[in-house]
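Take a look at the letters that make up each chain.
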Amino acid sequence: MKRRKFITLLGGAAAMWPLAARAQQPGKLPTIGFLGADATVWSSWTAAFVARLRELGWIEGRTVAIEYRWSQGRQERVAEIAAEFIRLKIDVIVTNGDSVDTARRAIAAIPIVFALANDPVGGGLVTSLAQPGGNVTGLSLQATDLGGKRLELLREIVPRLRRLAIMVDVSYPDSVLEMDEVRAAARTLDTEVVPAEIRRAEDIAPAVEAVKAQVDALYVVVGALVGAYRTRIITSALGARLPTLFSNREQVQAGGLMSYGPSVPNMFRRAADYVDKILHGAKPGDIPVEQATKFDLVINLTTAKALGLTIPETFLVRADEVIE
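In this report, the structure presented in the accompanying data block is examined. None of the values given here were measured: they were computed from a predicted structure.

### Some words on empty space enclosed by the protein
In step 1: The tally for this structure, following the rule as stated, stands at 3 cavities of 30 Å³ or more.
In step 2: Estimates place the volume of the largest cavity at around 160 Å³.
In step 3: Lining the largest cavity are 18 residues; nearest its centre among them are Asn-96, Leu-116, Val-222, Gly-223 and Ala-224.
In step 4: When residues of the lining of the largest cavity are traced back to their parent elements, those giving at least two are α5 (97-106) and α9 (224-228).
In step 5: Here the residues of the lining of the largest cavity are counted per class, giving 10 nonpolar, 7 polar and 1 charged.

Given below as structure tokens:
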């Protein structure tokens, strides 16, 4: 390559490097604190986040540092990680909605981006979607708007549905809000709701055991604890021969029956855009919360067969993904 062409290419590449990274002193990189529930469960979401950062010019280990920590859905662990992030002088934290309150109590000034939140306003994470205020912003799953739709879809493939168990981590306010919305939708569909409340991983199997003889299906409300222990939930439900309804495809890939909700990897890609803005100087409270606009319907035929369910062809045609 000719010297002049090489210099031109080098200059073009330098123009793409994030301004904040170039402003750092040698050896001192902007640092992201990435706080998730479980490394394995979050692997595809983490990869989507890092890939989008790279597209934006933030290259891990070169122009940005990322500190990964995993809470296993335990709020006491979230508080410990938040304190650690303070000591590490993290520039911005990426997490999910149910970790925000705990982290925020320990962190007054560090910007926080939630990649997933059921109802950011109703859950008290932000003042409004348009003007979040404070040091928190991110993306909304719109879960409180989707509970009724999910229930309608479930009734199409479980026509005998008369009693529905809802598994919910009651320590997470957003999850309780979704449960209340599903209850309201169930009343209009003449469906009785039986709560299956959990607060820790040890509650999962007993909760399923307690409701299995009373209900026809299990609606699982998203949350950090649920995400970290999805395999335990799915295994317990299959053992009880209960069809399961989730909000994202990853749970269906793991053996759940059905999901309806936004693409989580895409939300983590969008979270990277928020981080990019903050590292370039934007204030979280000035960045509007983004709501998902596209929702995917995913069905696991292998699980359906194991449960003795026949999925109507008309339903399969409408599905965005069929896992066999």
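Picking up where we left off.
### Comments concerning the pairing of strand β4 (residues 112-116)
In step 1: With 5 of 5 residues buried, β4 is to be regarded as a mostly interior element.
In step 2: Bridging between strand β3 (residues 92-96) and β4 involves 4 bridges; their strand directions are parallel. Paired with Ile-93 across the two strands is Ile-112, which belongs to β4.
In step 3: Once you follow β3 into α5 and on to β4, the crossover reads as right-handed.
In step 4: With 3 bridges connecting them, β4 and strand β5 (residues 136-140) associate as parallel partners. Bridged to Phe-114 within β5 is Gly-138.

### Things to note about the environment of Ala-185
In step 1: Its location among the elements puts Ala-185 in helix α7 (residues 173-188).
In step 2: Overall, the relative accessible area of 13% leaves Ala-185 in the buried class.
In step 3: Through-space distance from the C-alpha of Ala-185 to that of Glu-152 is 8.8 Å; in sequence the pair is 33 residues apart.
In step 4: In contact with Ala-185, other than residues within four places in its own chain, are Gly-148 and Leu-151.

### Some details on helix α8 (residues 204-211)
In step 1: Listed as buried for α8 are Ile-204, Ala-207, Val-208 and Val-211. Taken around the axis of α8, the buried residues stretch over an arc of 95°, which confines them to a single face.
In step 2: In this structure, the buried residues of α8 make contact with β6 (163-169), β7 (192-198) and α10 (230-239).

### With respect to the layout of surface pockets
In step 1: Taken as a whole, the largest pocket spans an internal volume of roughly 150 Å³.
In step 2: In terms of lining, the largest pocket is formed by 13 residues, of which the most central are Asn-266, Met-267, Ala-292, Thr-293 and Lys-294.
In step 3: Looking at the lining of the largest pocket, the elements that each hand over two or more residues are β5, α12 (264-279) and β11 (290-291).
In step 4: The class makeup of the residues in the lining of the largest pocket is 4 nonpolar, 5 polar and 4 charged.

### Digging into the packing of helix α3 (residues 43-55) against α12
In step 1: Taken N-terminus to C-terminus, the directions of α3 and α12 make an angle of 40°; their axes are 8 Å apart at the nearest point. In this view, α3 runs oblique relative to α12, as classed from their interaxial angle. In the crossing of α3 with α12, the sense of the turn from one axis to the other is right-handed. Contacts between α3 and α12 involve Trp-45, Ala-48, Phe-49, Ala-51, Arg-52, Leu-53 and Glu-55 from the first element and Val-264, Pro-265, Phe-268, Arg-269, Ala-271, Ala-272, Asp-273 and Val-275 from the second.
In step 2: Residues of the contact of α3 with α12, tallied by class, amount to 11 nonpolar, no polar and 4 charged.

Cut-off values and rules
Residues numbered from 1 in each chain as written. Predicted model: local features only at pLDDT ≥ 70, side-chain atom pairs only at ≥ 80, totals over all residues. Heavy atoms only, no water. 1 Å grid on protein atoms, 1.4 Å probe; cavity = no way out; pocket = protein on both sides within 12 Å on 5 of 7 lines; lining within 4 Å. Points joined across faces, edges and corners; volume = space filled by probe spheres on them. Helix = DSSP H or I, 4+ residues; strand = E, 2+ residues; numbered from the N terminus. Nonpolar A, V, L, I, M, F, W, Y, C, P; charged D, E, K, R; others polar. Buried < 20%, exposed > 50% of the residue type's maximum accessible area, 1.4 Å probe, protein only. Pairing = 2+ DSSP bridges. Right-handed = clockwise from strand over helix to strand, strands pointing away. Contact = heavy atoms within 4.5 Å. Arc of directions from axis to C-beta. Axes fitted to C-alpha atoms, helices over the stretch in contact; angles between N-to-C directions. Parallel < 35°, antiparallel > 145°, perpendicular 65-115°, else oblique. Left-handed = near helix turned anticlockwise from the far one by under 90°.

Purely geometric numbers; function is a separate question.
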